[in-house]
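A closer look at the structure
Chain by chain, the residues run as shown.
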Amino acid sequence: IYASLQKIYPSYKITILAWNRKQQFVEEKYVITYNDNTGYKNKLKKLFGLIRFFAFIKKNVGNNSAFIHLIDFSCLCYLLYSRTPRVVYEVYDIKFLKNPILNFIRTFIEKFIILNFVDSIALASPHFKYYYQSSLKFQRKIVIINNKPKEGDFSYEKMKNSKIQLEDSNFKIAFIGS
């Protein structure tokens, strides 16, 4: 993400704020981590950790951001905690819930936030565009960033020169996703 953003906005200072729930060392100088031991299984613990992470974002962003780029629904909820001038919301996957009541609440909150606070949406699949334009009525800028490898990324020559050991020119690559 960082290298792509630097190419598009060379004059901007780009900082990535990350929630480090496993306490793993992060060596990139452009990443500021919020470190805690919340983990991934306990939903209630995650909720309280998320609120603390939102406070961490607000402290580090303040009123200085030209844009804030939020990934996933849980980070989108940051906008209920603090208003930010310009927001890009990135969606890798639409998370529908099995419980219809909880799913209705999730959809209601997402629709409220994106219609009131989001400037543009980046989607990982063109199939999500209909959902956001038709179901949630989002009519601002939507960008599709297909979540798939480029055609030349797995050429035999590229693979032969990589760390992957190939025994012959016959190999298969599976890409699973939309």
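All of these numbers come straight from a predicted model, not from anything done at the bench.

Enumeration over the complete set of coordinates arrives at 9 aromatic pairs. Taking 6.0 Å as the distance between ring centres and 20° as the angle between the ring planes, the aromatic pair formed by F53 and F56 counts as stacked. Residue F53 and its partner F56 are both found in helix α2 (residues 43-61); the two are separated by 3 residues, about one turn of the helix. One cation-aromatic arrangement involves R21 over W19; the distance from NZ or CZ to the ring centre is 4.4 Å.

Below, the discussion takes up the side chain of E90. Mapping E90 onto the fold places it in strand β4 (residues 87-91). Of the residues examined, E90 reaches a relative accessible area of 12% and is grouped as buried. Every residue in contact with E90, bar those within four places of it in the chain, is listed here: H69, L70, I71, D72 and A122.

This part takes up the confidence of the model for the protein chain. For the protein chain, the mean per-residue pLDDT works out to 78, and 77% of the residues sit at or above 70. Within the protein chain, helix α5 (residues 100-117) carries the highest mean pLDDT (90), whereas helix α7 (residues 156-160) carries the lowest (65).

About the thresholds
Residues numbered from 1 in each chain as written. Predicted model: local features only at pLDDT ≥ 70, side-chain atom pairs only at ≥ 80, totals over all residues. Heavy atoms only, no water. Phe/Tyr/Trp six-rings, centres within 6.5 Å; stacked < 30°, edge-to-face > 60°. Helix = DSSP H or I, 4+ residues; strand = E, 2+ residues; numbered from the N terminus. Lys NZ or Arg CZ within 6 Å of the ring centre and 35° of its normal. Buried < 20%, exposed > 50% of the residue type's maximum accessible area, 1.4 Å probe, protein only. Contact = heavy atoms within 4.5 Å. pLDDT = per-residue confidence, 0-100.

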